[in-house]
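Take a look at the letters that make up each chain.
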Amino acid sequence: MKTTPFTNLHIALGAKMHEFAGFNMPIEYSGIIDEHMTVVNGVGVFDVSHMGEFWVKGPNALAFIQSVTSNDASTLPVGKAQYTCFPNDKGGIVDDLLVYHYEPEKYMLVVNAGNIDKDWEWCVSHNTVGAELENASDRTAQLAIQGPKALEVLQRLTPVDLSSIPYYAFTTGEFAGCKEVIISNTGYTGAGGFELYFYPSDALKIWDAIFEAGKPEGIKPIGLGARDTLRLEMGFCLYGNDLDDTTSPIEAGLGWITKFVDGKNFTNRAELERQKKEGVTRKLCAFELVEKGIPRHGYEIADAEGNRIGIVTSGTMSPTLKKGIGMGYVKPEFAKAGSEIFVKVRNKNLKAQVVKAPFRK
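About the thresholds
- Residues numbered from 1 in each chain as written.
- Predicted model: local features only at pLDDT ≥ 70, side-chain atom pairs only at ≥ 80, totals over all residues.
- Heavy atoms only, no water.
- Axes fitted to C-alpha atoms, helices over the stretch in contact; angles between N-to-C directions.
- Helix = DSSP H or I, 4+ residues; strand = E, 2+ residues; numbered from the N terminus.
- Parallel < 35°, antiparallel > 145°, perpendicular 65-115°, else oblique.
- Left-handed = near helix turned anticlockwise from the far one by under 90°.
- Contact = heavy atoms within 4.5 Å.
- Nonpolar A, V, L, I, M, F, W, Y, C, P; charged D, E, K, R; others polar.
- Core = buried A, V, L, I, M, F, W, Y, C linked by side-chain atoms within 4.5 Å.
- Buried < 20%, exposed > 50% of the residue type's maximum accessible area, 1.4 Å probe, protein only.
- Pairing = 2+ DSSP bridges.
- Phe/Tyr/Trp six-rings, centres within 6.5 Å; stacked < 30°, edge-to-face > 60°.

A. Quick look at the packing of helix α2 (residues 32–41) against helix α7 (residues 224–233). Direction vectors running N to C along α2 and α7 enclose 55 degrees, while the axes themselves pass 8 Å from each other. The angle between α2 and α7 places the two elements in the oblique class. For the element pair α2 and α7, the recorded crossing hand is right-handed. Taken together, the residues of α7 that come into contact with α2 (itself represented by Ile32, Glu35, His36, Val39 and Val40) are Gly225, Ala226, Thr229, Leu230 and Glu233. Across the contact of α2 with α7, the residue classes break down as five nonpolar, three polar and two charged.

Below is the structure:
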């Protein structure tokens, strides 16, 4: 298994470790519910160094990004980030990712850990414009410091005015005495906070500084278990569950990151444009169980007569709402908020209601 610069720290702290995307990662420390509520109410730290980072450089950098991603990167100013996806040539998604406009003619793509090799091969094989590509995944470490108290804690460690960085914007500056740290107002929790990108050689210094600075706020390390429950309460998609090579961005409710603008001829544009115009045979919806139970990935979704109408892609017991919540693909007529659906849990069809995400307001 691969490791991050923090793996030995997680083990020393008693984290429950497990393989994730080929990495030995912490799943939980004090328990998923405790960690989840720590982030919702205070501040927690996630090791997300397993994520992939690709640099795209040169005069053809933007042309390359426009050709392989669904969103319109031409509108992205320097210092801003954008959520997007790589459409494949069959109507599905290679991966969802973030694009950072780092400098003129220089971008950073942040991709999912489990897709680094696949995404890299996709980018290299679709680089028909001669952009300069660099896979910096092994030379980049990342921490996500999330929660309403994150800004207060991190401000103690940097001369950069963090309150001046808007959502989905970033800057590069000194942090905890380390140079060239990318400080990004992004995250996967819906609780506010920042993501830091830095050299692995600075990793332990930055970790120690953050935990020392956050002592008054009761800062804690957080595992991937709570990362999953936090993102699900926000209705954020997880690649491999809610998105994959067979799910289109239109089906997944990602029409807002699929831009059919003039001059942007991205992979499989014509098919996705057709889907948007003519409609799709299934749609991703969010739902809450009305009856007691926990929906899980792969569970069947049925109508009132018991007919199969879809499948659960993500599900959990919401630590905040104390009820079963989930997402899944259903026939379009059942995807509207307020619709009644049933989730098959241990051979029982439990009543659920389709709602508008996020679950945690």
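B. Structural context of the nonpolar core. Counting residues in hydrophobic clusters, the biggest one holds 38 residues, and the most contacted among them are Phe46, Tyr100, Met108, Val110, Ile182 and Leu243. Listing elements by their share of this core, those giving two or more residues are α2, β5 (81–87), β6 (93–103), β7 (106–111), α7, β14 (283–289) and β17 (324–330). The element best represented in this core is β6, accounting for four residues. Those residues within four positions of Phe46 in sequence are excluded, and the remaining contacts are Val39, Gln142, Leu143, Ala144, Gln146, Thr189, Ile222, Gly223, Arg227 and Leu230. With 30 residues, the next largest nonpolar core counts Phe6, Val181, Phe198 and Trp207 among its residues.

C. Structural detail: the sheet that holds β6. Pairing in this open sheet of five strands is antiparallel, and the strands run β5-β6-β7-β4-β8 from one edge to the other. Strands at the two margins of the open sheet, each flanked by one partner only, are β5 and β8 (132–135). Going across the sheet, the axis of each strand differs from the next one's by a mean of 30 degrees, ignoring polarity. As judged from the five bridges shared by β6 and β7, these two strands associate in the antiparallel manner. Looking at β7, one finds that His101 is bridged to Tyr107.

D. Inspection of the packing of aromatic side chains at higher detail. This model, assessed by the stated rule, comprises twelve aromatic pairs. Pairing Trp55 with Tyr102 gives two aromatic rings, centres 5.0 Å apart and planes at 75 degrees, and the pair type is edge-to-face. Note that Trp55 is positioned in strand β4 (residues 52–57) and Tyr102 in strand β6, a separation of 47 residues in sequence. Accessibility expressed as a relative area gives 18% for Tyr102, which makes it buried. Centroid distance Tyr102 to Phe170: 6.4 Å. Interplanar angle 10 degrees. Geometry classified as stacked. Residue Tyr102 is located in strand β6, and its partner Phe170 is located in strand β10 (residues 170–175); the two are separated by 68 residues in the primary sequence. Accessibility classification places Tyr102 together with Phe170 in one group, the buried group. An aromatic cluster is built from Trp55, Tyr100, Tyr102, Phe170 and Tyr197, whose rings are joined through pairwise contacts.

E. How the structure looks around the pairing of β10. Inspection of the sheet shows β10 paired to strand β11 (residues 178–184) by five bridges, in the antiparallel sense. Across the sheet, Thr171 pairs through a bridge with Ile183, a residue of β11. Remark: two residues form the turn of the hairpin made by β10 and β11, two consecutive strands paired antiparallel; Ala176 in that turn has positive phi of roughly 55 degrees.

F. Quick peek at unusual backbone geometry. That bond from Ala357 to Pro358 is cis: its omega, 5 degrees, falls within 30 degrees of zero. Of note, Pro358 is situated in the segment after β19 (348–355). For Ala176, which is not glycine, the phi torsion reads 55 degrees and is therefore positive. Residue position: Ala176 is located in the loop between β10 and β11. Judged by relative accessible area, which is 14%, Ala176 ranks as buried.

By themselves, these are just geometric observations and shouldn't be taken as functional.
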